[in-house]
Amino acid sequence: MVALSMAERIVATTPGTPYDADVLPREVRVFLHRQPEAVAEFASVFGVQLALRTEHGGKDVPYLEARGVVGGIAVSAWALGGEDEQERYAACLSVAPAAGVAELPEAWRAAGAA
């Protein structure tokens, strides 16, 4: 239930519109189809790492991913771009990280999320 609550929080907080999401007992993954700016904002809001790969699946396409742990829940958001979008995705790496890791509400911590 904690991961489901985290998923709701992610969807409400992330500026992009998730194309797909996976909610597992201790993990939430969000796919933001061709929305690298939203992935960068996710990293900033939740205080997690942002990384760019310039190939995915043997193709020269950008893959931007934000990944970390928030309140004991593994969270990630990612976007896959087209071959002509390498520069757009690379520009997202300049987003300043948030001042701190996003905190869970006290009720979530009490339920064992932290």
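Above this text is the structure in question.
These lines cover the structure that appears in this document, whether it is placed above or below.

What counts and what doesn't
Residues numbered from 1 in each chain as written. Predicted model: local features only at pLDDT ≥ 70, side-chain atom pairs only at ≥ 80, totals over all residues. Heavy atoms only, no water. Helix = DSSP H or I, 4+ residues; strand = E, 2+ residues; numbered from the N terminus. Buried < 20%, exposed > 50% of the residue type's maximum accessible area, 1.4 Å probe, protein only. Contact = heavy atoms within 4.5 Å. Areas by Shrake-Rupley, 256 points an atom, 1.4 Å probe, with all protein chains shown as cover. Pairing = 2+ DSSP bridges. Axes fitted to C-alpha atoms, helices over the stretch in contact; angles between N-to-C directions.

In terms of regular secondary structure, the protein is built from four helices and five strands. Going from N to C terminus, the protein has its helices and strands arranged as α-β-β-α-β-β-β-α-α. The buried share of the protein, reckoned over its 114 residues, is 38%. Look at the contacts in the protein between residues 6 or more apart in sequence, and 56% of them connect residues 24 or more apart. Working note: accessible area of the protein is about 6,200 Å², and carbon and sulfur atoms make up 54% of it.

Strands in a sheet are paired, the pairing made by backbone hydrogen bonds, and the direction either parallel or antiparallel. An order of β1-β2-β5-β4-β3 is seen for the five strands of this open sheet, with the pairing classed as mixed. Edge strands, defined here as strands with exactly one partner in the open sheet, are β1 (20–24) and β3 (49–53). On average, each strand axis in the sheet is inclined to that of its neighbour by 15 degrees, with strand direction left out of account. By the bridge criterion, five bridges tie strand β2 (residues 27–31) to strand β5 (residues 73–80) in an arrangement that is parallel. Looking at the pairing, Phe31 lines up with Trp78 of β5. Contacts from helix α2 (residues 36–46) reach β3, β4 (63–70) and β5, with the element oriented near 20 degrees to β4.

Shape descriptors only; they carry no functional weight alone.
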